[in-house]
Amino acid sequence: MKKLLILLLLSASYLFSFDKVGIGYSTTSYDSNIYDVSLIKDTNYKLFNLPISLEFAFDYMDSTNTSDELYITSFQPVITYDFNKQFFIQGALGVAYLSNKSFEHRNFGMNFQFKESVVFGYNINKHLSTTLRYNHISNADLDDDNSGLDIFGLNLIYKF
């Protein structure tokens, strides 16, 4: 199932002319495995003279302790600052939708969540980059239950 999802998303990235596709592995502070695919579209817009891109991400999270599974779909505008040709940093603030309101005895309160990201990256060459990523997902106290997720991961990004 995971391979079919990745193949489908890679095909969609080609058909809808996304500029980059990323795959990654992440974990949480309580040892869950997260596999993700992200589709990235560069825009011509800038904020404070920094380029803005749009990221659509699809994550599959499975528990190492229980049989729980969670699917996360998210969208976020991303701002990039290039230190030089190799190193960059990104910041993003967006929205996410969780398939379940709970996971491993954590209650998220609602399916709709907010997602913040900080990314440190390295351009290997003109087509390939790698990133170290931190994501925080929570409902910003819109619900009494707000366990949230802190996610740490590595991504490999291919630029078309």
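This report concerns the structure included in the present document. Just so it is clear, the model here is predicted, and its values are computed rather than measured. (Residues numbered from 1 in each chain as written. Predicted model: local features only at pLDDT ≥ 70, side-chain atom pairs only at ≥ 80, totals over all residues. Heavy atoms only, no water.)

As a further point, take the overall build of the protein chain. What the protein chain contains, in helices and strands, is one helix and ten strands. Along the protein chain, helices and strands appear, N-terminal first, in the series α-β-β-β-β-β-β-β-β-β-β. Relative to the 2.2 N^0.38 estimate, which gives 15 Å for 160 residues, the radius of gyration of the protein chain is 16 Å and therefore close to what a compact globule would have. Taken over the C-alpha atoms alone, the protein chain extends approximately 45 × 35 × 25 Å along its principal axes. Buried residues in the protein chain amount to 41% of all 160 residues. Element-wise, carbon and sulfur atoms account for 62% of the exposed surface of the protein chain, whose accessible area totals about 9,200 Å². (Helix = DSSP H or I, 4+ residues; strand = E, 2+ residues; numbered from the N terminus. Rg over C-alpha atoms; globule rule 2.2 N^0.38 Å. Buried < 20%, exposed > 50% of the residue type's maximum accessible area, 1.4 Å probe, protein only. Areas by Shrake-Rupley, 256 points an atom, 1.4 Å probe, with all protein chains shown as cover.)

Glancing now at empty space enclosed by the protein. For the structure shown, the criterion picks out two cavities of 30 Å³ or more. Size it by volume and the largest cavity reaches roughly 90 Å³. Lining the largest cavity are Ser26, Ile34, Asp36, Ser38, Glu55, Ala57, Asp59, Lys115, Arg133, Asn135, Ile151 and Asn155. At the level of secondary structure, the elements contributing two or more residues to the lining of the largest cavity comprise strand E2 (33-47), strand E3 (50-62), strand E9 (128-138) and strand E10 (149-159). A breakdown of the residues in the lining of the largest cavity according to their chemical character gives three nonpolar, four polar and five charged. There is about 40 Å³ of room inside the second largest cavity. Counting residues per element, the ones that place at least two in the lining of the second largest cavity are strand E4 (69-82), strand E5 (87-98) and strand E8 (112-123). Taken together, the residues that form the lining of the second largest cavity break down as four nonpolar, four polar and two charged. (1 Å grid on protein atoms, 1.4 Å probe; cavity = no way out; pocket = protein on both sides within 12 Å on 5 of 7 lines; lining within 4 Å. Points joined across faces, edges and corners; volume = space filled by probe spheres on them. Nonpolar A, V, L, I, M, F, W, Y, C, P; charged D, E, K, R; others polar.)

Turning to the sheet that holds E10, a few remarks are in order. Sheet architecture is closed into a barrel: eight strands sit in the order E1-E2-E3-E4-E5-E8-E9-E10, paired in antiparallel fashion. Looking at each pair of strands side by side, their axes are set apart by 25 degrees on average, direction ignored. With twelve bridges connecting them, E2 and E3 associate as antiparallel partners. Counterpart to Ile40 in the pairing with E3 is Glu55. (Pairing = 2+ DSSP bridges. Axes fitted to C-alpha atoms, helices over the stretch in contact; angles between N-to-C directions.)

All right, on to the pairing of E10 then. Judged by which residues are buried, E10 turns out to be one-sided: Leu149, Ile151, Gly153, Asn155, Ile157 and Lys159 face inward and are buried, whereas Asp150, Phe152, Leu154, Leu156 and Tyr158, on the alternate face, are not. Here strand E1 (residues 20-28) runs beside E10; their pairing, made up of nine bridges, is antiparallel. By the bridge assignment for E10, Thr27 is matched with Phe152. Strand direction decides the pairing type here: E9 and E10, joined by ten bridges, are antiparallel. Opposite His136, over in E10, you have Asp150 as the bridge partner.

A separate point is unusual backbone geometry. Notably, Glu104 is not glycine yet its phi reads approximately 50 degrees, a positive angle. Relative to the helices and strands, Glu104 resides in the loop between strand E6 (102-103) and strand E7 (106-107). The backbone of Ala140 sits at a positive phi, close to 55 degrees, despite the residue not being glycine. The topology assignment puts Ala140 in the loop between E9 and E10.

The next subject is the side chain of Thr80. Checked against the element boundaries, Thr80 lands in strand E4. Once you skip the residues sitting within four places of it in the chain, Thr80 turns out to touch Leu50, Pro51, Phe88, Ile89 and Gln90. (Contact = heavy atoms within 4.5 Å.)

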